[in-house]
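These are the residues of each chain, in order.
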Amino acid sequence: MVVILLGPPGVGKGTQAVRLIDSIGGGEHISTGDLLREACRDGTDLGLEAQEFMHKGELVPDSLILNLIRDHLTTTASETSIILDGFPRTIPQAEGLDSVLSDVAREVSQVVLFEAPEDELIKRLSGRRSCTDCGAVFNVHFEPPRIEDECGRCGGLLVHRADDQPDTVRNRLQVYESQTAPLIEHYESHSAPLKRVSAMQPINDVQLAFRAALEIG
Ligand code: AMP
């Protein structure tokens, strides 16, 4: 499988990607957001270049993203499922993805769109706390950590991401509407089937609907 998880920031794509991989016993979860945050932490050239876009809630240029993702896609074993989270985010990225996949004789098998209204996304993003060590995500509104600011998985420090602050969140949602939402139509009218999953249900039910969309029993 090569599955694209589409949907606005805060809709729960990362959470569902991790759960899916746990439940199918493996696979490669590729989150361009996580890869970019790692590059920022490591202070690489890419991280330094990406940082200014990320802080404003803008998209990092397509050429940088495609370079970043190419290695991951081409070095993943052909029998390993790939779950793409937060990529592609623009039509040129989708076209670049098709071209890289065709180099390794693979193609997008499914596209799943997670949906939730904007006021819910703002609430989720404002309550989101991420672990600086292992990347686990908690939510002070829905899934509070047992000890304040401490990751329940590894004991690391939980932070409110700079780009989850209200002004940046509004910009990220606008950027999603203008640059990423056109992918819905793109995939509906192209090759891969697009399925819709409501993210407005308990997390386990979202997972069930996601598995149903992928036709996994
Ligand atoms: P995320 O964690 O997926 O919400 O991504 C956080 C930030 O990283 C985004 O707001 C963008 O600045 C940047 N980013 C992540 N993935 C992409 C992508 N595919 N294309 C452009 N920018 C991206």
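To start, this report covers the structure provided alongside it. (Residues numbered from 1 in each chain as written. Predicted model: local features only at pLDDT ≥ 70, side-chain atom pairs only at ≥ 80, totals over all residues. Heavy atoms only, no water.)

## Description of the site of the ligand
Around the ligand sit 16 residues, and of these Thr 32, Arg 37, Glu 58, Arg 89 and Gln 93 come closest. One of the backbone N or O atoms of Glu 58 is found 2.6 Å from an oxygen atom in the ligand. Within the contact set of the ligand, a nitrogen atom lies 3.0 Å away from a backbone nitrogen or oxygen of Val 60. Summarising the interface, the protein chains cover 95% of the accessible area of the ligand, which totals 470 Å² for the free molecule. Take the shell around the ligand: its biggest share by element is 4 residues, from helix α2 (residues 32-42). Of the residues assigned to the shell around the ligand, the class counts are 6 nonpolar, 4 polar and 6 charged. (Near = heavy atom within 4 Å. Polar contact = N/O pair within 3.5 Å; in protein donor to acceptor, adjacent residues only side chain to side chain. Areas by Shrake-Rupley, 256 points an atom, 1.4 Å probe, with all protein chains shown as cover. Helix = DSSP H or I, 4+ residues; strand = E, 2+ residues; numbered from the N terminus. Nonpolar A, V, L, I, M, F, W, Y, C, P; charged D, E, K, R; others polar.)

## Concerning the state of the cysteines
According to the stated counting rule, one finds 0 disulfides in the structure shown. No disulfide involves Cys 131; its nearest neighbouring cysteine sulfur is the one of Cys 154, lying 3.6 Å away. (Disulfide = S-S within 2.5 Å.)

## Concerning the environment of Gly 47
Position of Gly 47 among the secondary structure elements: in helix α3 (residues 45-56). Taking the C-alpha atoms as reference points, Gly 47 and Ser 109, separated by 62 residues in sequence, lie 30 Å from one another.

## What to know about the packing of aromatic side chains
Taken as a whole, this structure holds 1 aromatic pair when the rule is applied. Summarising the aromatic geometry, the rings of Phe 114 and Phe 210 are spaced 5.2 Å apart at their centres and angled 75° between planes, so their arrangement reads as edge-to-face. Of the two residues, Phe 114 is situated in strand β4 (residues 110-115) and Phe 210 in helix α9 (residues 203-213); the sequence distance between them amounts to 96 residues. Side by side, Phe 114 and Phe 210 carry an identical accessibility label, which is buried. (Phe/Tyr/Trp six-rings, centres within 6.5 Å; stacked < 30°, edge-to-face > 60°. Buried < 20%, exposed > 50% of the residue type's maximum accessible area, 1.4 Å probe, protein only.)

## Observations concerning the layout of surface pockets
Of the voids in this model, the second largest pocket is the one considered here, and its volume is about 180 Å³. Every residue along the wall of the second largest pocket is listed here: Val 18, Ile 21, Asp 22, Glu 28, His 29, Ile 30, Ser 31, Asp 34, Leu 35 and His 72. Of all the elements in the fold, those that place two or more residues in the lining of the second largest pocket are α1 (13-24), β2 (28-31) and α2. Top contributing element to the lining of the second largest pocket by residue count: β2, with 4 residues. Within the lining of the second largest pocket, the residues separate by chemical class into 4 nonpolar, 3 polar and 3 charged. (1 Å grid on protein atoms, 1.4 Å probe; cavity = no way out; pocket = protein on both sides within 12 Å on 5 of 7 lines; lining within 4 Å. Points joined across faces, edges and corners; volume = space filled by probe spheres on them.)

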